Each structure stands twice: as C-alpha cells, then as structure tokens.
Amino acid sequence: SFVQQPVMVSQPVSAQQPVPAPRREAQQLASPRQCVQPAATPRLVPRRNPPQATPEIRQGPVAGAHERVSMARMDHELFAVLKEVNRLLVDHKQLKDVFHDCWDAVDDGDGKLILQEMKMLTKQVEKVVGVPSSAFGNLEVTFEKFDFDGNGSLNPREAYRCVKHCLQEWRDKKGHSARLETVEFKTPEKSGFKLVKVLAKGGQGEALLVRHPQKKEVVLKTYDKKNANAGGIQELQEEMHHMKSCDHCPNIAHCHEIFQDNKFFYMVSDAYHGGDWTKLKENVAAARVELSEPYYRMIFSQAFRG
C-alpha cells in the first residue's frame, strides 16, 4: 500500500492513481510549516494572527521629529534675540534710542517712573527687543537697587542703567559668549607697534609702552595663552566691552582694540603717564606739590566724574 504524502500540485490527485514515492526534496517540503502557497494564490493560505498596526511605534518618531523641529526653531529664535541684544549693548546709541522710545511711551510727563510705571517700561522693551519678561528678574529688587537717590522713583538715567544692566545679565545667563567682534589674528610687529619700554610685569602678563604711527604712544598689554592666571578670550572681551562703555569719560582709560597671535592675546589702551593711586605720594613729592585737602578733592572729583 502507498502512504500519501502532502505535496504541492496544481490539479487534484485521483484516488485510483497511486502516488509515486516522493523524492528527498519533496519530503523536505512535506512539512506543513514549510509549504508556501504560490504567489498567484495567496488567499488560499490565510496567515494566522496577522501583525496588528502599532500606532505608538509609528507615531513616536514622528512626534520626536516635531519636537526636534520645535526646539530648533526655539533655539534659532533665541539666538536671534541674543544677537539683537548684543548689538544694542555694543552700540550704545542704538540702545539709548530704543530706551527713549520706550520711555516716551509710558512717561506721563513728570520725568520719573514709579515701580508700576517701570514695569510698563520693561513691557515696552520686551515688545521692541523681543526679550522675555524673565530678563528683568525680580523687578522690585532691581528697581530699589537703581533708585540711587532713594526717592522711590527712577529718573531717565537711573532707568536706562537698570534696563541695560538687566539686558546684560540676561545675555550672560544665556551663555552668549561671542559678545564682541571676532578677535583678529596678527602680530604686534605687523600691526605697526614698536617697543619703547616695559612698564610693568605681573601674574597675567606684561604692560608695554609702544609707539604706533597713528595712535602715537599707547600701552600694549600682553596675556600669555598658556598662563591660566591670564584668563581667556571671553574675559578679555568683557574687559574691552566695559572700557568701551566708558569712552565718553575723559578720565577713564580707553581701549582701542584687542587682537591675538599664536602665543598671546593683546589689548591696546591709552597711555597715562601720571601713574596710579599707589604712586600718588611719590609723584607728588617729586613734583613738590602739597598734599592738601583741595588737592585730594580735585583728584577724587576726577574719579567720581569719570
């Protein structure tokens, strides 16, 4: 007798017709798990437990992509606002123009702002510049800090300093370190500086008196890049930024530029041959000037006037 083995056939097998002995290849295909219907008739063998759609798996990456796009857009918008704030902090005239426009929008004509009016002023700055309200922090505390005469209100000068301080603080907290222009690579020799003499040496570097065809005699401060005590480029940019903010003050040293080469950072500032406070008594004695009260009053007046 013959034992019928399941085989793939295109036509039914007659009961009277014996089935020939299967070959080894056919035996290997005889397992129901290994039998595959022809591609032309996929409906004859339905798949058991077809895989269900998993929307969570498919939607996860899509949501993540939207989130990444949103974060990128937010970072781009934040960078644009930081760039605008930095531009205003560098260009004081532009900042003052923005401030005066905001001041005129809230001032009632008495030339001063109480706390509630100062809050209105910051709202105007937020609208014009694009900074968030958090840029002004706890305005009650800041308001008191800049109320220099303690009269409970801020005049235009005090309010301007308050706004400027808040913008600087917010910019720094956001880590916008590239605040000023890119520091140029060049050597003192290529810049046209010629050494006159060494003025001082310290833990951060040297102060050199140099001569320049256009700037005449100026001070060239050098900062060794390998010296951790000298600080980095960000600290140097900060110092130049603060010095440039005092360009209108005749009695405060002015910074002309900063640059760098492979070994040093350099800062160019005015040369003041009168010395500093530590040399005051020595210089006065050499000049045979009496250290009287009127003399000290004149010196301190210069310092306070800036």
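Above this text you will find the structure in question.
What you see is a predicted model, and the numbers here were worked out from it, not measured in a lab. (Residues numbered from 1 in each chain as written. Predicted model: local features only at pLDDT ≥ 70, side-chain atom pairs only at ≥ 80, totals over all residues. Heavy atoms only, no water.)

### Topic: the pairing of strand β5 (residues 255-260)
Burial of β5 is extensive: five of the six residues sit out of reach of the surface. Both strand β1 (residues 184-185) and β5 contribute to a ladder of two bridges, which runs parallel. Looking across to β5, one finds that glutamate 184 is bridged to phenylalanine 259. Connecting the antiparallel pair β5 and strand β6 (residues 264-270) is a turn made up of three residues. (Buried < 20%, exposed > 50% of the residue type's maximum accessible area, 1.4 Å probe, protein only. Helix = DSSP H or I, 4+ residues; strand = E, 2+ residues; numbered from the N terminus. Pairing = 2+ DSSP bridges.)

### Brief notes about the sheet that holds strand β3 (residues 205-212)
Pairing is mixed in the open sheet, where six strands are placed in the order β1-β5-β6-β4-β3-β2. Two strands in the sheet have a free side with no partner beyond their single neighbour: β1 and β2 (194-201). Looking at chain direction, β5 and β6 are connected through five bridges and run antiparallel. Opposite phenylalanine 259, over in β6, you have tyrosine 266 as the bridge partner.

### Describing a nonpolar patch on the surface
Taken together, the side chains of Trp277, Phe300 and Phe304 define a hydrophobic patch exposed on the protein surface, amounting to about 410 Å² of accessible area. Looking at phenylalanine 300, the relative accessible area reads 42%, which means it is partly exposed. (Patch = residues over 30% accessible without salt bridge, like charges linked within 9 Å, V, L, I, M, F, W, Y side chains within 5 Å. Areas by Shrake-Rupley, 256 points an atom, 1.4 Å probe, with all protein chains shown as cover. Salt bridge = Lys/Arg side-chain N within 4 Å of Asp/Glu carboxyl O.)

### Examining the pairing of β2
Pairing analysis gives six bridges linking β2 to β3, with the strands arranged antiparallel. The residue bridging valine 198 from the neighbouring strand is leucine 208, located in β3. In this antiparallel pair of consecutive strands, β2 and β3, the connection spans three residues.

### Points about the environment of alanine 200
Residue position: alanine 200 is located in strand β2. Placed 21 residues apart in sequence, alanine 200 and lysine 221 show a C-alpha to C-alpha distance of 9.5 Å. Setting aside anything within four residues of it in sequence, one finds alanine 200 in contact with Gly205, Glu206 and Ala207. (Contact = heavy atoms within 4.5 Å.)

### Description of the packing of helix α4 (residues 115-129) against helix α5 (residues 139-146)
Across the interface, α4 lies against α5 with an axial gap of 11 Å and an inter-helix angle of 110°. Judged on the interaxial angle alone, α5 and α4 are roughly perpendicular. The residues of α5 that touch α4, namely those facing Leu115, Met118, Lys119 and Thr122, are Leu139, Glu140 and Phe143. By residue class, the composition of the contact of α4 with α5 is four nonpolar, one polar and two charged. (Axes fitted to C-alpha atoms, helices over the stretch in contact; angles between N-to-C directions. Parallel < 35°, antiparallel > 145°, perpendicular 65-115°, else oblique. Nonpolar A, V, L, I, M, F, W, Y, C, P; charged D, E, K, R; others polar.)

### Focus: the pattern of salt bridges
Summed over all chains, the structure comprises ten salt bridges. Between lysine 186 and glutamate 184 there is a salt bridge; the shortest N-O distance is 3.8 Å.

### Focus: helix α3 (residues 92-106)
For α3, with 15 residues, the first-to-last C-alpha span of 21 Å sits near the 21 Å given by 1.5 Å per residue. Looking at α3, one finds that the buried residues are His92, Leu95, Val98, Phe99, Cys102, Trp103 and Val106. Angular distribution of buried residues about the axis of α3 spans 135°; they occupy a single face of the element. Opposite its buried face, α3 presents the exposed residues Lys93, Asp101 and Asp104, each directed more than 90 degrees away. (Expected span 1.5 Å × (residues − 1). Arc of directions from axis to C-beta.)

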